[in-house]
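Here are the chains, one letter per residue:
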Amino acid sequence: MSSSTLTTPPESAPSRPIALTMGDPCGIGPETLVRAFAQGESNGCVVYGDAAWLARTARTLRFSPDSSRPAIVELDELADWKKVPRGAIPVLPIVALPADLAIGQVDARAGAAAYACIEAAARDALVGRVAAVVTAPIHKAALHAAGVNFPGHTEILQHMAGGVPVRMMLANEQLKTVLVTVHMALRQAIDAVTSEAVLQTLRIAHQAARGWGLAQPRIAVAGLNPHAGESGLFGDEEERIIAPAIAQARSEGIAASGPYPPDTVFMRARHALPEHPGAFDIVVAMYHDQGLIPVKYLGVEQGVNVTLGLPFVRTSPDHGTAFDIAGRDQADPSSLIAAIRMARDLAVLH
């Protein structure tokens, strides 16, 4: 382990770290990681990536006078993370990135490196060496250029976990949305909304919420069509597909209800203030944008992507690689910090 400033870890240090994958190195992932550590929000975490690249990132960031650049400590092995002083960035060297990568550009080498870091973190999570995995953003075009035939983190991690059924949840303090379909064209997504898919989503959401401590989570189901079909006038998927799935879920003891008009159900579920709790704990949405727009509208900086159904905890910030601002000292680490905090909370319950 390369560092001259090792100290004894605090007695309160957890037994296992949280793995932070570096994401696409040409995007804002490395910047947000460095800033999260600089703000003291990433203690107990280990970055899976390239120490030299993070050190370069730290040198280029213009910190305010009351901030300091965190030291980068390259680990010889994961177990050394406990020896790293608080505030420093422990890095497990998974990849060695070429110096000529262009910030803000799609590059197959960056995509391959991001994928390697995800693989390594997931392997360690599957055998219990880390308490949770928090993934920085990846770029789908870079993954594709590298020959990685998965559309995103959710599908990669599902494959590595043996194909277990999983669902994407986007959450903040006010709203939690779980998706029936994720990364596919809208025309395909409509066809993928089947009774089986809706029922499986309800089961996964119910089981996950019980793990968070909700004895009987209230799950609202959004319709697919405007006005939830208006009794068949605008489509019959609600009556033919969604309602039977809800009925089956209720027969299994799941507190599911709906289908509700999509344009109002999210407002009903929103926990706006402590004294004004929402009517539901979770909303199940039929497709990607239907479910994610309401959560992101409430504030991208606080949104967290959670993969439900995996045998380990995985969270991610609610934004992409932001190539347009990468390297410009504009990246906000708030969503990453929210993802780390949620990963800590869920790991305790997992």
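Residues numbered from 1 in each chain as written. Predicted model: local features only at pLDDT ≥ 70, side-chain atom pairs only at ≥ 80, totals over all residues. Heavy atoms only, no water.

**Section: the packing of aromatic side chains**
Line of reasoning, step 1. Using the criterion set out here, one finds one aromatic pair in the structure.
Line of reasoning, step 2. Judged by centre distance (5.3 Å) and plane angle (45°), the ring pair of tyrosine 260 and phenylalanine 280 falls under tilted. Taken together, the residues span a long stretch of sequence, with tyrosine 260 in strand S9 (residues 256–260) and phenylalanine 280 in the loop between helix H9 (262–269) and strand S10 (282–285) at a distance of 20 residues. Accessibility classification places tyrosine 260 together with phenylalanine 280 in one group, the buried group. (Phe/Tyr/Trp six-rings, centres within 6.5 Å; stacked < 30°, edge-to-face > 60°. Helix = DSSP H or I, 4+ residues; strand = E, 2+ residues; numbered from the N terminus. Buried < 20%, exposed > 50% of the residue type's maximum accessible area, 1.4 Å probe, protein only.)

**Quick look at the sheet that holds strand S11 (residues 304–308)**
Line of reasoning, step 1. Ordered by their spatial adjacency, 12 strands build an open sheet running S3-S4-S2-S1-S5-S12-S11-S6-S7-S10-S8-S9, and the pairing between neighbours is mixed. What marks the edges here is a single partner per strand, and that holds for strand S3 (72–74) and S9. The sheet shows a mean angle of 25° between the axes of neighbouring strands, direction not considered.
Line of reasoning, step 2. Relative to strand S2 (residues 45–49), strand S1 (residues 18–21) is paired through four bridges, and the arrangement is parallel. When the sheet's bridge partners are listed, isoleucine 18 is paired in S2 with cysteine 45.
Line of reasoning, step 3. Sheet strands in contact with helix H3 (residues 108–126) are S1, S2, strand S4 (89–93) and strand S5 (132–135), and its direction is about 140° off that of S2.
Line of reasoning, step 4. Against the sheet, helix H5 (residues 153–160) contacts S5, strand S6 (167–171), S11 and strand S12 (313–317), and its axis sits at roughly 165° relative to S12. (Pairing = 2+ DSSP bridges. Axes fitted to C-alpha atoms, helices over the stretch in contact; angles between N-to-C directions. Contact = heavy atoms within 4.5 Å.)

**Regarding the UniProt feature "binding site: a divalent metal cation" (unreviewed entry) in the protein chain**
Line of reasoning, step 1. Mapped onto this numbering, the UniProt entry annotates "binding site: a divalent metal cation" (unreviewed entry) at His183, His227 and His288. Judged by maximum C-alpha separation, these annotated positions cover 106 residues in sequence and are scattered in space, the widest gap reaching 24.2 Å.
Line of reasoning, step 2. With respect to the helices and strands, histidine 183 occurs in the loop between strand S7 (176–179) and helix H6 (186–192).
Line of reasoning, step 3. Not counting residues up to four positions away in its chain, the partners in contact with histidine 183 are Lys140, Pro151, Glu155, Met168 and His288.
Line of reasoning, step 4. Of note is the side chain of histidine 183, whose polar atom sits 3.3 Å from the side chain of glutamate 155.
Line of reasoning, step 5. Using a relative accessible area of 42% as the deciding quantity, one classes histidine 227 as partly exposed.
Line of reasoning, step 6. Apart from residues lying up to four places away in sequence, histidine 227 is in contact with Phe234, Pro261 and Pro262. (UniProt positions renumbered as here; feature names shortened; annotations may be inferred. Polar contact = N/O pair within 3.5 Å; in protein donor to acceptor, adjacent residues only side chain to side chain.)

**Re the nonpolar core**
Line of reasoning, step 1. If you look at the biggest cluster of nonpolar residues, it comprises 95 residues, and the most contacted ones within it are Leu20, Val47, Tyr48, Val134, Leu202, Val284 and Met286.
Line of reasoning, step 2. The greatest single-element share of this core, amounting to 10 residues, is contributed by H3.
Line of reasoning, step 3. Residue-level mapping places this core at the junction of two domains, with at least three residues from each of domain 1 (1–164 + 311–350) and domain 2 (173–298).
Line of reasoning, step 4. Not counting residues within four places of it along the chain, the set of residues in contact with tyrosine 48 comprises Ala19, Leu20, Thr21, Met22, Leu78, Leu92, Ile94, Cys117, Ala120, Ala121, Asp124 and Val130. (Core = buried A, V, L, I, M, F, W, Y, C linked by side-chain atoms within 4.5 Å. Domains from an automatic or database assignment.)

**Considerations on the confidence of the model for the protein chain**
Should pLDDT be low for a region, the predicted coordinates there are not to be read in detail.
Line of reasoning, step 1. The pLDDT averaged across the protein chain works out to 90; a share of 94% of its residues lies at or above 70.
Line of reasoning, step 2. Taken together, the stretch residues 2–13 has pLDDT below 50 and engages in 13 contacts with residues farther than four places along the chain or on a different chain. (pLDDT = per-residue confidence, 0-100.)

**Thoughts on the UniProt feature "binding site: substrate" (unreviewed entry) in the protein chain**
Line of reasoning, step 1. The feature "binding site: substrate" (unreviewed entry), as given by UniProt, occupies His153, Thr154, Lys296, Asn305 and Arg314 in the numbering adopted here.
Line of reasoning, step 2. Those residues within four positions of threonine 154 in sequence are excluded, and the remaining contacts are Val166, Met168, Thr307 and Arg314.
Line of reasoning, step 3. Residue position: arginine 314 is located in strand S12.
Line of reasoning, step 4. Among the residues examined, arginine 314 registers a relative accessible area of 2% and is labelled buried.
Line of reasoning, step 5. A polar side-chain atom of arginine 314 sits 2.8 Å from a polar atom in the side chain of threonine 135.

**Section: the state of the cysteines**
Line of reasoning, step 1. This structure, assessed with the given rule, holds zero disulfides.
Line of reasoning, step 2. Left without a disulfide partner, cysteine 45 is nearest to the cysteine sulfur of cysteine 117, which lies 15 Å away.
Line of reasoning, step 3. Its sulfur unpaired, cysteine 117 is 13 Å from the next cysteine sulfur, which belongs to cysteine 26. (Disulfide = S-S within 2.5 Å.)

**A word on the packing of helix H1 (residues 29–38) against helix H2 (residues 51–60)**
Line of reasoning, step 1. Where H1 meets H2, the axes come as close as 9 Å, and the angle between the chain directions of the two elements is 75°. By the angle between their axes, H1 is roughly perpendicular relative to H2. Each of Pro30, Glu31 and Val34 in H1 lies in contact with H2, whose residues at this interface are Trp53, Leu54, Thr57 and Ala58. (Parallel < 35°, antiparallel > 145°, perpendicular 65-115°, else oblique.)

**A short note on the pairing of S9**
Line of reasoning, step 1. Counting buried positions along S9 gives four out of five residues, so the element sits mostly inside the fold.
Line of reasoning, step 2. Bridge count for strand S8 (residues 219–222) against S9 is three bridges, and the pairing is parallel. Residue alanine 222 lies in a different strand from S9, and its bridge partner there is tyrosine 260.
Line of reasoning, step 3. Note that the unit made of S8, helix H8 (residues 237–251) and S9 has a crossover that is right-handed. (Right-handed = clockwise from strand over helix to strand, strands pointing away.)

**What to know about the domain arrangement of the protein chain**
Line of reasoning, step 1. Domain parsing of the protein chain yields domain 1 (1–164 + 311–350) and domain 2 (173–298).
Line of reasoning, step 2. Measuring from the centre of the C-alpha atoms in domain 1 to the corresponding centre in domain 2 gives 31 Å.
Line of reasoning, step 3. Across the boundary between the two partners, domain 1 contributes six residues, which contact five residues of domain 2.
Line of reasoning, step 4. Buried area between domain 1 and domain 2, summed over both chains or domains, comes out near 510 Å², and the portion from carbon and sulfur atoms is 57%.
Line of reasoning, step 5. Linking domain 1 with domain 2 are one salt bridge.
Line of reasoning, step 6. Between lysine 296 and aspartate 318 there is a salt bridge, with its nearest N and O atoms 3.5 Å apart.
Line of reasoning, step 7. Taken together, the residues of the side of domain 1 that touches domain 2 sort by class into three nonpolar, no polar and three charged. (Buried area = accessible area lost by both parts, 1.4 Å probe. Salt bridge = Lys/Arg side-chain N within 4 Å of Asp/Glu carboxyl O. Nonpolar A, V, L, I, M, F, W, Y, C, P; charged D, E, K, R; others polar.)

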